[in-house]
Amino acid sequence: MTITPVLLCGGSGTRLWPLSRKSYPKQFVPLVGQETLFQASARRLSGPGYAPPLVLTGADFRFIVTEQLTAAGIDPGAVLIEPMGRNTAPAVLAAALWLEHNDPDTLMLVAPSDHVVPDAEAFRAAVAEATAPARAGQIVTFGIRPDRPETGYGWLELPEALAADATAAGPLVRFVEKPDAEHAAQMLADGRYLWNAGIFLFSVRAILAAFEAHAPALLDPVRRAVDGAQADLGFLRLAPGPWAGAEDISIDYAVMEQAENLAVVPFGAGWSDLGDWNAVWREAGPDGDGNVVSEHATAIDCTGSLLRSESPRQEVVGIGLEDIIAVAMPDAVLVARRGDAQRVKEAVSALKARQSPQAESFPVDHRPWGYFESLVIGTRFQVKRIVVHPGAALSLQSHHHRSEHWIVVQGTARVTVDDTVTLVTENQSVYIPLGAVHRMENPGKLPMVLIEVQTGSYLGEDDIIRYEDVYARS
């Protein structure tokens, strides 16, 4: 029996601001290593015995999901689009109802897409340990062997302390909420507790029975959202009306804390949810002085610090720092004590209150055809760098308030301006008058890069009238 991975990737990860933001959250960023967390999660849950992943995400991330899976060489499988965030319980239920049509006895491996598990083979071995009880109708969760009194995780209570080499599934007494420091230390010393990783294995039939028993009110709106889903360019959009009526609740609260057919598989080969910058520092492997230093960053007489620059045009230098986080983006810089890493979300809230775009918007704007970044912004002008993927095309569009000048600096662009279509190569340019109907395409096999100079009374991204769009955006 194959296992269908169900990857949940709708979170925003505000504790990892400024690198993780609402418009481009942490699961799509290479925080540790060269791959993104989402790609690493999909790769970890692939191979013999695994079906292509079923992904649940928001509309803004649908093309990022398929692009990153394709880049990792993984068949995207089905991608369900959530009309709005409704937490993990409705998402898991939607996945189960969708899979029920094919095989109600298939196994679902539900996992967040923003975790770090360095030893993928060991994790797949833990999943293998969980398959027998899952096939027998149990709901299996994975408990992480704790190595510190962590207050940022929920915990799992076992009936007795585990042997050091225990790997088999066993009974679970209860879920424990995130503790304070004193209780976390007591649970660590007790030996009967594991961290709750939020990863589950169960059959479609078992989880649907659990919802019927413990969260029946979710069944009707989520079932109607799945039954009313619309196909959209290879994605499946859940019906927004019924979905809005589903309660916003986690799978733990809705089902797991009430279910009786629970089992837990212990896992001790390394795991982190990268919940804050302190976790990134820990997982990145501090050097002999306790520092984690990225390219374009320099530590002089520093200890226990994380220094990170996300741009080759920005050098971050720390001198005499102790237990400090310094993360520099082109449009924002974070400096904090490592002990205050959990408070970064307070900074995001403060920026949102000031209506600062840096609170939620990433400096690089990813689109289905590629991406762009603003280089210079003035009162009546803006300069962008635009990268278009091979074979991709922007929508046929016009603007009410701005004209544009395009200069190709790499590759070749096929440009439509009203009734005229021309090829524009490197070092050539074209002018788009105010109100002209225009389109840009990359007919080549390599990325095309151009510089766009906008001038006008209003330069917002909402000044776009679309006439045709291969990506079906409104």
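Just so it is clear, the structure is predicted and the values come from calculations on it, not from any experiment. (Residues numbered from 1 in each chain as written. Predicted model: local features only at pLDDT ≥ 70, side-chain atom pairs only at ≥ 80, totals over all residues. Heavy atoms only, no water.)

Enquirer: Please clarify how the sheet that holds strand 18 (residues 332-337) should be interpreted in this entry.
Expert: Through backbone hydrogen bonds, the strands of a sheet pair up, either in parallel or in antiparallel fashion. A sheet is described by the order of its strands in space; here 4 strands give the open sequence 13-15-17-18, paired in mixed fashion. The open sheet has two free edges, formed respectively by strand 13 (292-293) and strand 18, since each of these has just one partner strand. Where strand 17 (residues 324-329) and strand 18 come together, 6 bridges link them in antiparallel fashion. Bridge pairing in strand 18 places Val-327 opposite Leu-334. Most of the contacts of helix 10 (residues 277-284) go to strand 15 (residues 306-309), to which it runs at about 95 degrees, and overall it touches strand 13, strand 15, strand 17 and strand 18. (Pairing = 2+ DSSP bridges. Helix = DSSP H or I, 4+ residues; strand = E, 2+ residues; numbered from the N terminus. Contact = heavy atoms within 4.5 Å. Axes fitted to C-alpha atoms, helices over the stretch in contact; angles between N-to-C directions.)

Enquirer: Help me out: how do you make sense of unusual backbone geometry in this one?
Expert: Backbone torsion omega between Trp-17 and Pro-18 reads 10 degrees, so that peptide bond is classified as cis. Position of Pro-18 relative to the elements: it lies in the loop between strand 1 (3-8) and helix 1 (37-44). One non-glycine residue, Asp-418, adopts positive backbone phi at about 55 degrees. Looking at the element boundaries, Asp-418 is found in the loop between strand 24 (413-417) and strand 25 (420-424).

Enquirer: Help me out: how do you make sense of the side chain of Thr-57 in this one?
Expert: Relative to the elements of secondary structure, Thr-57 occurs in strand 2 (residues 54-58). Accessibility expressed as a relative area gives 0% for Thr-57, which makes it buried. The contacts of Thr-57, once residues within four sequence positions are left out, are Cys-9, Arg-62, Val-65, Val-79, Leu-80, Ile-81 and Glu-82. (Buried < 20%, exposed > 50% of the residue type's maximum accessible area, 1.4 Å probe, protein only.)

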